[in-house]
Amino acid sequence: MKTQPVTVDGSVTHALHEAHQRFANNHHGKNASYIPYLASVPANLFGISIMFCDGTHAEVGDTDYAFAIESISKVFTLAHVLDDIGPQSLRSKIGCDPTGEPFNSVVALELHKGRPLNPFVNAGAMATVSLLKAENATRRWAQIESTYQAFAGRDLTVNEEVYASEASTNQHNRGIAWLLQSYGYLYADPMEVCDVYTRQCSVAITCQDLVTMGATLANGGVNPVTNTRVVTAKTIAPILAEMTLNGLYDTTGDWYYKVGLPGKSGVGGGILAVVPGVCAIAAFAPPLDVAGNSVRGQLAAEHLSRTLNLSLLH
Ligand code: GLN
């Protein structure tokens, strides 16, 4: 069996460049357009980063381009809430099971009497935001901001253009928030929660930020660049369980089959894969498949997982 790298070496940089070269001209998929700003992001952008638990990293392509974190934010808000309330409470209030439906499905909610089933569909993500212990929107936001910054190891900002674009078109999410409240699965004011959730989706990150955030998960909750503990070690397994089961929406099974790693995608084109105790892979390429996952991002992760023998199933 091939050995697995534990730091950046020649095999890692070679695999990274190979992945970029191989998929840079793949033009399948389409930018998200239901959030108008996302449709305007250049579709040819493509970056891939890898970071090991020792803090060494390698990157290729557009890894400094700031894009909207979108649904990948759900992982890091979950980390904060899990740390706070623990996995038992999280599971009873939200859950860890696939809905089998798209990430913004109202049908899925109705089928389960309002229980969101997992924190990575929009309903579950808003329920997660509502579980932050905060008496107003400012304090709720402050917790999210400081958590994301600790994961990234630097100050992050909201892309106000993305936020304005999402906030003026998020009627569907507002509907989901009200529905959740009517079923008793929202724990704060619905419109406050929906707005803070929209803001968290609008945080601008680069591939380099994303890989650092992922490497913090891979490294048991300690940011390998700043050497600061961001979440408790016991919080990592439940986060990775959610990513394993629900990270790529209704095609998570396909992803796991091919990549064999906990992952998370966002409609901004970002994608993250975590190899516990070893490294994280982040990729960014805006065009998405029908489920909402970056096409080139998935291909890059699959290539790296296979060539570097990173799958958890091997
Ligand atoms: N902000 C987006 C939404 O709420 C995030 C969805 C996603 O990335 N899948 O629809």
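Residues numbered from 1 in each chain as written. Predicted model: local features only at pLDDT ≥ 70, side-chain atom pairs only at ≥ 80, totals over all residues. Heavy atoms only, no water.

A look at unusual backbone geometry
Within the chain, K113 stands out as a residue other than glycine whose phi angle is a positive 50°. Relative to the elements of secondary structure, K113 occurs in the loop between α5 (106-111) and α6 (122-130). Its identity as a non-glycine residue notwithstanding, N227 has a phi of 60°, on the positive side. Looking at where N227 falls in the secondary structure, it is placed in the loop between α11 (207-218) and α12 (236-246). (Helix = DSSP H or I, 4+ residues; strand = E, 2+ residues; numbered from the N terminus.)

Considerations on the site of the ligand
The full set close to the ligand counts 13 residues, and Y34, E70, S71, Y197 and Y249 are the nearest of them. The side chain of Y197 places a nitrogen or oxygen atom 2.8 Å from an oxygen atom of the ligand. Between Y249 and the ligand, the recorded distance is 2.5 Å, taken from a side-chain N or O atom to a nitrogen atom. Across the complex, the protein chains shield 99% of the 300 Å² of accessible surface that the ligand would expose by itself. Residues belonging to the shell around the ligand are distributed by class as follows: seven nonpolar, four polar and two charged. (Near = heavy atom within 4 Å. Polar contact = N/O pair within 3.5 Å; in protein donor to acceptor, adjacent residues only side chain to side chain. Areas by Shrake-Rupley, 256 points an atom, 1.4 Å probe, with all protein chains shown as cover. Nonpolar A, V, L, I, M, F, W, Y, C, P; charged D, E, K, R; others polar.)

Observations regarding the packing of aromatic side chains
Summed over all chains, the structure comprises six aromatic pairs. With a centroid separation of 6.4 Å and an interplanar angle of 40°, the aromatic rings of Y34 and F103 are classed as tilted. Here F103 lies in the loop between α4 (87-93) and α5 and Y34 lies in the loop between α1 (10-23) and α2 (36-39), a separation of 69 residues in the sequence. Centre to centre, the rings of F76 and F151 are 4.8 Å apart; their planes meet at 65°, and the pair counts as edge-to-face. Of this pair, F76 sits in helix α3 (residues 73-85) while F151 sits in helix α7 (residues 137-152); the two residues are 75 residues apart in sequence, bridging distant segments of the chain. The exposure class of F76 is buried, given its relative accessible area of 0%. Over the face of the ring belonging to Y187 we find K93, whose NZ or CZ atom lies 5.8 Å from the ring centre. Taking NZ or CZ as reference, R296 lies 5.4 Å from the ring centre of F46, over its face. (Phe/Tyr/Trp six-rings, centres within 6.5 Å; stacked < 30°, edge-to-face > 60°. Buried < 20%, exposed > 50% of the residue type's maximum accessible area, 1.4 Å probe, protein only. Lys NZ or Arg CZ within 6 Å of the ring centre and 35° of its normal.)

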